[in-house]
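Survey of secondary and tertiary structure
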Amino acid sequence: MPTRYSLGGAVLVLIAAAVFNPGPREYRRHVYRKLCQQTHLQNWETQATCEGLRILPAEVREAILGQYVTRHNYGVFSLYVLDMPTLYDESLGVAGGFIDRQPTVATSGVVAN
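Residues numbered from 1 in each chain as written. Predicted model: local features only at pLDDT ≥ 70, side-chain atom pairs only at ≥ 80, totals over all residues. Heavy atoms only, no water.

**Topic: the overall build of the chain**
A tally of regular secondary structure across the chain gives four helices and five strands. A total of 113 residues make up the chain; the buried ones form 34% of that total. Long-range pairs, those at least 24 residues apart, make up 46% of the contacts in the chain between residues at least 6 apart in sequence. (Helix = DSSP H or I, 4+ residues; strand = E, 2+ residues; numbered from the N terminus. Buried < 20%, exposed > 50% of the residue type's maximum accessible area, 1.4 Å probe, protein only. Contact = heavy atoms within 4.5 Å.)

Quick look at the structure:
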């Protein structure tokens, strides 16, 4: 039988997870670093996209990535999807960080693992 303290602890953990659920800005920074620094996964299209993003100011780069990001917020975690013609990513945002759900790079709309 759960005690009042264990139930209260579980509620505190859920509240903390919701408070530290990373937002879209953090995801845009995370996905850029993750996908554009994995050169072994890149084809020439992905490299060109990353190089184009790399030369832009951070604010502009994040605005461009933001046009391709979808966030599904479930309170204590969020599912983020980046779906660009040459970049694709699915990650869970939880407890202030990200867990790669499907680390992939896409080419011309076709996802390649």
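**Topic: the state of the cysteines**
Disulfides are covalent bonds that connect the sulfur atoms of two cysteines. Per the counting criterion, the structure on display carries one disulfide. The disulfide bridge from Cys36 ends at Cys50, spanning 2.1 Å between sulfur atoms. Residues Cys36 and Cys50 are joined through a disulfide that is left-handed, its torsion about the S-S bond being -80°. Note that Cys36 is positioned in helix α2 (residues 24–36) and Cys50 in helix α3 (residues 44–54), a separation of 14 residues in sequence. (Disulfide = S-S within 2.5 Å.)

**Here we look at the side chain of Ser78**
Inspection of the secondary structure puts Ser78 in strand β2 (residues 77–83). Using a relative accessible area of 0% as the deciding quantity, one classes Ser78 as buried. A distance of 3.1 Å separates polar atoms of two side chains, one belonging to Ser78 and the other to Arg71. Sequence-distant contacts of Ser78, that is, excluding residues within four places in its chain, are made with Asn21, Arg71, His72, Asn73, Ser91, Leu92 and Gly93. (Polar contact = N/O pair within 3.5 Å; in protein donor to acceptor, adjacent residues only side chain to side chain.)

**So, the packing of aromatic side chains**
Under the criterion given, the structure shown has four aromatic pairs. Seen in terms of ring centroids, Tyr27 and Tyr80 are 4.6 Å apart; in terms of plane orientation they differ by 10°. Their pairing is stacked. Here Tyr27, found in helix α2, pairs with Tyr80, found in strand β2; they are 53 residues apart in sequence, far enough to count as distant. For the pair shown, Tyr27 and Tyr80 are each scored as buried. Through a chain of ring-to-ring contacts, three or more aromatic side chains come together here, namely Tyr27, Tyr80 and Phe98. In this arrangement the basic side chain of Arg61 is found over the ring face of Tyr32, its NZ or CZ atom lying 4.2 Å from the centre. (Phe/Tyr/Trp six-rings, centres within 6.5 Å; stacked < 30°, edge-to-face > 60°. Lys NZ or Arg CZ within 6 Å of the ring centre and 35° of its normal.)

Nothing here speaks to function; it is all geometry.
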